[in-house]
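# Architecture at a glance
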Amino acid sequence: MKITLHEVAKVVGAKNTISEFDDVPLHKIEFDSRKIGVGDLFLPLKGMRDGHDFIETAFDNGAVATFSEREIAGHPYILVDDCLVAFQQLAQYYLAKQRVDVIAVTGSNGKTTTKDMIAAILSTEYKTYKTQGNYNNEIGLPYTVMQMPDDTEKIVLEMGQDHMGDIHLLSDLAKPHIAVVTLIGEAHLEFFGSREKIAEGKLQIVDGMDSDGILIVPSDPIIDDFLPENQMVIRFGDGAEIFVKDLQENKESLTFTTNVIDRPITLPVPGKYNATNAMVAAYVGKLLAISDDDIIEALETIELTRNRTEWKKAANGADILSDVYNANPTAMKLILETFSRIPANKGGRKIAVLADMKELGEQSVSLHTQMIMSLAPDVIDTVIFYGEDIAELAQLSSQMFPIGKVYYFKKTAQEDQLEELIKYVKEILKPEDQILLKGSNSMQLSKVVEELEKD
Ligand code: 2GN
């Protein structure tokens, strides 16, 4: 990171003076005290727990300073009204200071793939950084910005929406030069109520753009009402400015042509949507002066990120919300709440499979049991627990849910009941059900997802 403590204090309008300390360059910023290293700035956020409770741990781990919403003794700190707002102000300032060109991607399915493809194409010519994992919200996006290498020229930012106004905030922060909206998804898998509302929320991606910005959107009549008037708009799809033709899907690849590039392209991934995603990415490449050869080379060797928060389909038709990527108490609480808010399918149940969150230290068991507050027995029908530190949460839940609606499978150094877990889930899962899977990567819930996807 190319910024000093005093510079941060100035940008966020610190309410205190840090005069007794020499100004120091900061190494990086972290909100998870487990990730703090020597020279870092700690950011206490309110998650499942209040990050202010972990300020001492952060200093033990080598932090040089912390943000704080209250006065603290013995350590350098930057006093602010709201740590999250300060973080967002800082990221906005830092993007402008580093003169980074921003490409923003939002949409339902396909935003991650499109982001990865754009980044792969731009990487052939520019120092390019992109959103990692699911870091696409009001915390993850500024985090992504502050994690970018000092020499970054282009940044491809994924923007996710949970509530109306989310994309407005993110666009205003990032000030995108090029913005892509991928598909407007199915209403029942988001909670905006209607596809119109989803479209309206996503089109807020233009809110932070200036007049030389370029917007790329699907040629879907649902968004016509929300298109900006003073902005260059490119539509993709049948009958639009850019389109895919001669699509041929194979078992593990995809060949297609598009009016964006003269030659046919073969992607090393299946799925018809990916041809559209690749075409949009190729178009962004063209806008930024990447050669056809480089675009094709990047697409033909693309490696896609896997295993993030995503909706999948079980072989029997059930909806799977798979989130086996990052597990901390806040992320688990948030996904449980999201899962609970989405309307159930007609006649279908909600089933949650929750596994251990790792590396939570001495407080691990209590950080697991606190999830009880996010488990709604009136919405979630069945809960299945898997692990060791989560056993106490299973015990608590069984007192709250009806008999026969809570299950526990063990995973200790001695015993692993993963096979039994898979067998049981397969047995009870009906086509109308929605199932959430969440736990640390090392708990291997991805295996359960895989098993449910294949028949
Ligand atoms: O949902 S998120 O993962 N998010 C990140 C940004 O992109 C989108 C997704 C998320 C995670 C969000 Cl939105 C917000 C927060 Cl605040 C977090 C987060 O990292 N939360 C964390 C905790 C909470 N609440 S990380 C973490 C690790 N911590 C426990 C609490 C916690 C480990 C720890 C345990 C014990 C001690 C110190 C740290 C300890 N200290 N024990 N004794 N002294």
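Above this text sits the structure in question.
Here goes a summary of the coordinates provided. Note that the structure is a prediction, hence the values are computed from the model and not measured.

### Details of the packing of helix H4 (residues 111-122) against helix H8 (residues 273-287)
Their axes nearest at 9 Å, the elements H4 and H8 cross at an angle of 40°. The chirality of how H4 crosses H8 is right-handed. Residue-level inspection shows Thr 113, Thr 114, Met 117, Ile 118, Ile 121 and Leu 122 of H4 in contact with H8, the latter providing Asn 274, Asn 277, Ala 278, Val 280, Ala 281, Ala 282, Val 284 and Gly 285. In the contact of H4 with H8, the residues fall into nine nonpolar, five polar and no charged.

### Topic: the sheet that holds strand S2 (residues 41-42)
The parallel open sheet is built from four strands, whose spatial order is S1-S2-S3-S4. Since the sheet does not close on itself, it has two edges, and those belong to strand S1 (29-30) and strand S4 (77-79), each with one partner. As judged from the three bridges shared by strand S3 (residues 65-68) and S4, these two strands associate in the parallel manner. In the sheet register, Ser 68 faces S4, and the bridge partner there is Leu 79.

### Considering the site of the ligand
Taken together, the neighbourhood of the ligand is formed by 24 residues, with Met 48, Arg 49, Thr 57, Asn 328 and Thr 330 sitting nearest. Here an oxygen atom of the ligand and a side-chain polar atom of Asn 328 are 3.0 Å apart. Between a nitrogen atom of the ligand and a side-chain N or O atom of Thr 330, the distance comes to 2.7 Å. About the coverage of the ligand: the protein hides 88% of its 840 Å² of free accessible area. Looking at which element gives the most residues to the shell around the ligand, the answer is helix H10 (residues 329-341), with four residues. Taken together, the residues that form the shell around the ligand break down as eleven nonpolar, ten polar and three charged.

### Observations regarding the pattern of salt bridges
In total, this model carries 30 salt bridges according to the counting rule given. Between Asp 323 and Lys 438 there is a salt bridge, with its nearest N and O atoms 3.1 Å apart. Placement of Asp 323 in strand S15 (residues 319-323) and of Lys 438 in strand S19 (residues 434-438) is noted, with a sequence separation of 115 residues between them. Residue Lys 438 is classed as buried on the basis of its relative accessible area, which comes to 0%. Across the pair Lys 426 and Glu 451 runs a salt bridge, and its minimum N-O distance is 3.1 Å.

### Details of the nonpolar core
Counting residues in hydrophobic clusters, the biggest one holds 56 residues, and the most contacted among them are Phe 67, Ile 78, Leu 95, Val 145, Met 146, Ile 205 and Leu 215. Residue contributions to this core peak at eight residues, all from helix H3 (residues 83-97). Among residues more than four places away in sequence, those in contact with Phe 67 are Val 8, Val 12, Leu 41, Phe 42, Leu 43, Pro 44, Ile 55, Ile 78, Val 80, Cys 83, Ala 86 and Leu 90. Counting 37 residues, the second-largest nonpolar core is a separate cluster that includes Val 105, Tyr 283, Ile 296 and Ile 302.

Criteria and cut-off values
- Each chain carries its own residue numbering, running from 1 in the written order of its sequence.
- Local features are withheld for residues below a pLDDT of 70 in this predicted model, meaning they are given only at 70 or higher, and side-chain atom pairs are given and counted only at 80 or more; totals for whole chains, interfaces and linings count all residues.
- Values shown for side chains rest on all heavy atoms present in the structure; no hydrogens or waters enter the calculation.
- Only the stretch in contact is used when a helix axis is fitted, and all axes are lines through C-alpha atoms; the angle between N-to-C directions ranges over 0 to 180 degrees.
- Numbering of helices and strands runs from the N terminus, with a helix taken as a DSSP run of H or I at least four residues long and a strand as a DSSP run of E at least two residues long.
- Handedness of a crossing follows from how the near helix is turned relative to the far one, being left-handed for an anticlockwise turn of less than a right angle and right-handed for a clockwise one.
- Contacts were defined at the residue level, with two residues in contact if any of their heavy atoms lie within 4.5 Å.
- By the convention adopted, Pro, Cys, Tyr, Trp, Phe, Met, Ile, Leu, Val and Ala count as nonpolar, Lys, Arg, Asp and Glu as charged, and the other residues, Gly among them, as polar.
- Should DSSP find at least two bridges between two strands, the strands are taken to pair.
- Proximity is defined per residue: any heavy atom of the residue falling within 4 Å of a molecule or strand makes that residue near it.
- Here a polar contact is recorded for every N or O atom pair within 3.5 Å, except that within protein the pair must consist of a potential hydrogen donor and a potential acceptor, and residues adjacent in sequence are included only if both atoms are side-chain atoms.
- For every accessible area listed, the method is Shrake-Rupley and the probe measures 1.4 Å; residues are considered covered only by the protein chains on display.
- Think of a salt bridge as a Lys or Arg side-chain nitrogen and an Asp or Glu carboxyl oxygen that are within 4 Å of each other.
- Between buried and exposed lies partly exposed: a residue is buried under 20% and exposed over 50% of the maximum accessible area for its type, with that area taken using a 1.4 Å probe on protein chains only.
- Only buried residues count toward a nonpolar core, which is a set of Ala, Val, Leu, Ile, Met, Phe, Trp, Tyr and Cys residues joined through side-chain atoms within 4.5 Å.

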